[in-house]
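# Chain and residue survey
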Amino acid sequence: MCWAGNGATLAVPNDKERDHRISLLVNITGLSAGDGFKNADGNRSSNNKKYINTIYSTDNNNFNNSINNKNIPNNSFNNSINNSIINNNNTETLTSKLPQVIIAGVKKGGTKALLSFLDLHPHVRAFRFESHFFDKHFNKGLEWYRLVYQMPLTSSSELTIEKTPSYFVTPGVPRRIREGIPNVKIILVFKDPITRLVSDYTQTMSKYPNIRSFYYHAFLRSKRERNKRSWKALDIGIYHKHLQRWLEVFDRSDMYFMSGETLITDPAYELQKVEKFLNLKPFIKREHFVFNAKKGFLCPVINATDITTTRMKCLGDSKGRSHPQIHPISLFRISSFYHPLNLIFYQMTGINFNWTEPSNYLQHSTASKLILQN
Ligand SMILES: Nc1ncnc2c1ncn2[C@@H]1O[C@H](COP(=O)(O)OS(=O)(=O)O)[C@@H](OP(=O)(O)O)[C@H]1O
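Residues numbered from 1 in each chain as written. Predicted model: local features only at pLDDT ≥ 70, side-chain atom pairs only at ≥ 80, totals over all residues. Heavy atoms only, no water.

As annotated in an unreviewed UniProt entry, the protein carries the name Sulfotransferase domain-containing protein and comes from Helobdella robusta.

This is the structure we're talking about:
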């Protein structure tokens, strides 16, 4: 199994699996191998083989485009498909399964780190893209999700896992997941909403360098645009509000809440707890993670049993960005907003995440004395 870092190599299937995928698509679409799928404009694009090859392109954008441009008749997915392949040793049938585990958020909580660390486990197969099936593609049907969206071929002992962080905040998603995959387990990684917010802002800055200041977004924009939507990034951190929707639909025992902070400082500890939650054989150890000074994070190592052949696999550049400095007074003000909401969230989850208290942001600031005195 190989982990695709951000924008890095995609797990390309072997020939056998690729041929199998092609025949599968030909079956479910009713097209012959020479026919082409139509793109969004109704023009025939390329032949199916080329289409499949595009799916397995090593470029994430190509993958997403090929999925978005496709125009496959919906009802053809209602047929039940004999989707299986014999593994290389001819010992077991592998099938594409709907995910048994979904990492449903939170955005910037450490979801990619968690997915890639879990993928170290020999009985886990991570789906490497954010499918957005339950929030954006639900009308395409579960078979589309499972087959056309390329859930990996797995044996009966392997778990398929995917992550789409926007699920956490999208109303309707918990119920869709529950009804679509009744036995699914949900994992949520929570980070201090302030760190999460700054991380989110940093990501937006990297895409739109001319974005207005953090201060503007946090304090001015919502006032000025009182009747419009307030800053969405701020809303994501109102965890108890979003979690309520999940708890109305899922048993607490089917959900695992993780600390994004511990995932950074001691990933093995968190991963071992997840192994228990998923009834996986214990596998992940502290030796699987080595601190990389350049990255500033613990990175997973492949082949951790033999130190001479280990290889570090840090996450890509978009994970672990350096954050802009935000004025402590701004942080204090936002923290004062989140703090009472965090307490409700701690009560709801039964976990004290111990996130930074508002006054801590002011400890080294002269302005703090003024604010605390008044
Ligand atoms: N080992 C390791 N290496 C790098 N980064 C790590 C790691 N563990 C956790 N993290 C944290 O993951 C944050 C990104 O979170 P997500 O993957 O959930 O982001 S996203 O929602 O998919 O965009 C990312 O946020 P930023 O620091 O803002 O980049 C990291 O803090």
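### Notes on the overall build of the protein
So the rule is basically this: Secondary structure elements are taken from DSSP: a helix is a run of H or I of four residues or more, a strand is a run of E of two residues or more, and numbering for both begins at the N terminus. Partly exposed residues are those whose accessible area sits between 20% and 50% of the maximum for their type, while under 20% is buried and over 50% is exposed, using a 1.4 Å probe and protein chains only. By definition in these notes, contact holds between two residues if any of their heavy atoms fall within 4.5 Å. With residues, only the protein chains shown are counted as cover, and all accessible areas are computed by Shrake-Rupley using a 1.4 Å probe.
Of the regular secondary structure elements, the protein holds 15 helices and 13 strands. Evaluated residue by residue, the protein yields a buried proportion of 50% over its 374 residues. Put simply, 70% of the contacts in the protein that link residues at least 6 apart link residues at least 24 apart. Accessible surface, the protein: about 18800 Å² in total, of which carbon and sulfur atoms supply 49%.

### Observations concerning the site of the ligand
Rules: Note on definitions. A residue lies near a molecule or strand when any single heavy atom of the residue is within 4 Å of it. Residues adjacent in sequence count toward polar contacts only when both atoms are side-chain atoms; beyond that, a polar contact is any pair of N or O atoms within 3.5 Å, and within protein one must be able to donate a hydrogen and the other to accept it. Each residue is assigned to one class: nonpolar for Ala, Val, Leu, Ile, Met, Phe, Trp, Tyr, Cys and Pro, charged for Asp, Glu, Lys and Arg, and polar for all the others, Gly among them.
With respect to spatial proximity, 24 residues lie near the ligand, and among them Thr111, Lys163, Ser199, Gly320 and His323 are the closest. In this structure, Lys112 approaches the ligand through a main-chain N or O atom, which is 3.0 Å from an oxygen atom. One of the backbone N or O atoms of Leu298 is found 3.0 Å from a nitrogen atom in the ligand. Here the ligand, which alone exposes 640 Å², has 95% of that area covered by the protein. Among the elements that line the shell around the ligand, the one with the most residues is helix α4 (residues 111-118), at four residues. Residue classes in the shell around the ligand are distributed as eight nonpolar, eight polar and eight charged.

### A look at the UniProt feature "active site" (unreviewed entry) in the protein
So the rule is basically this: UniProt positions are given in the numbering used here, feature names are shortened, and annotations may be inferred rather than shown by experiment.
Feature annotation in UniProt places "active site" (unreviewed entry) on Lys108, given in this structure's numbering. Note that Lys108 resides in the loop between β5 (101-105) and α4.

### Notes on the sheet that holds strand β13 (residues 311-312)
Note the following rule: Strand pairing is defined by DSSP finding a minimum of two bridges between the two strands.
Taken together, three strands build an open sheet; the order of strands is β11-β12-β13 and the sheet is antiparallel. Among the strands making up the open sheet, the edge pair consists of β11 (289-292) and β13. Bridge analysis of strand β12 (residues 297-302) against β13 gives two bridges, and the strand direction is antiparallel. Paired with Ile302 across the strands is Arg311, a residue of β13.

### Observations regarding the UniProt feature "binding site: 3'-phosphoadenylyl sulfate" (unreviewed entry) in the protein
UniProt feature "binding site: 3'-phosphoadenylyl sulfate" (unreviewed entry): in the numbering of this structure it lies at Ser199, Lys319, Gly320, Arg321, Ser322 and His323. In terms of the greatest pairwise C-alpha distance, the residues named above, spread along 125 residues, form a tight cluster of at most 11.2 Å across. Judged by relative accessible area, which is 9%, Ser199 ranks as buried. When sequence neighbours within four positions are dropped, the list of residues in contact with Ser199 reads Lys108 and His323.

### Observations regarding the packing of helix α11 (residues 239-247) against helix α14 (residues 328-349)
Operational definition: Inter-axis angles, ranging from 0 to 180 degrees, are taken between N-to-C directions of lines fitted to C-alpha atoms, where helices are fitted over the stretch in contact. Convention used here: angles under 35 degrees read as roughly parallel, angles over 145 as roughly antiparallel, angles from 65 to 115 as roughly perpendicular, and any remaining angle as oblique.
Where α11 contacts α14, the axes come no closer than 8 Å and their chain directions differ by 25°. Considering the angle they form, α11 stands roughly parallel to α14. Where α11 abuts α14, its residues Tyr239, His240, Leu243, Gln244 and Leu247 lie against Leu341, Ile344, Phe345, Met348 and Thr349. Grouping the amino acids of the contact of α11 with α14 by side-chain chemistry returns seven nonpolar, three polar and no charged.

### Regarding the environment of Arg311
Position of Arg311 among the secondary structure elements: in strand β13. In this structure the C-alpha to C-alpha distance between Arg311 and Pro300, which are 11 residues apart in sequence, comes to 8.4 Å. Sequence-distant contacts of Arg311, defined by excluding residues within four places in its chain, comprise Pro300, Val301 and Ile302.

### Some thoughts on the sheet that holds strand β9 (residues 185-190)
Two orientations exist for strands paired in a sheet by backbone hydrogen bonds: parallel and antiparallel. Taken together, the five strands give an open sheet; going across it, the order is β6-β8-β5-β9-β10, and neighbouring strands pair in parallel fashion. Strand pairing shows two members of the sheet lacking a second neighbour, β6 (124-126) and β10 (255-259), which therefore form its edges. Geometrically, the sheet is characterised by an average inter-axis angle of 25° between neighbouring strands, direction not taken into account. Running over the sheet, helix α13 (residues 267-277) touches β9 and β10 and is turned about 175° from β10.

### Here's the deal with the environment of Val198
Inspection of the secondary structure puts Val198 in helix α8 (residues 193-207). Note: C-alpha distance between Val198 and Phe214 (16 residues apart in sequence) is 8.2 Å. In contact with Val198, not counting residues within four places along its chain, are Phe214, His323, Pro324, Ile326 and Leu331.

### Focus on the state of the cysteines
Selection criterion: Criterion for a disulfide: a pair of cysteine sulfur atoms within 2.5 Å.
The tally for this structure, following the rule as stated, stands at one disulfide. Through a disulfide, Cys299 is tied to Cys314; the S-S separation comes to 2.0 Å. Taking the torsion about the S-S bond as the criterion, the Cys299 to Cys314 disulfide, at about 100°, is right-handed. Taken together, the positions of Cys299 in strand β12 and Cys314 in the loop between β13 and α14 put the pair 15 residues apart, joining distant regions of the chain. A relative accessible area of 1% means that Cys299 is categorised as buried.

### Considerations on the pairing of β12
Pairing of β11 with β12, which is carried by four bridges, proceeds in the antiparallel orientation. Along β12, the bridge assignment pairs Val290 with Cys299. Linking β11 to β12, which pair antiparallel, is a turn of four residues; within it Gly296 sits at a positive phi near 80°.

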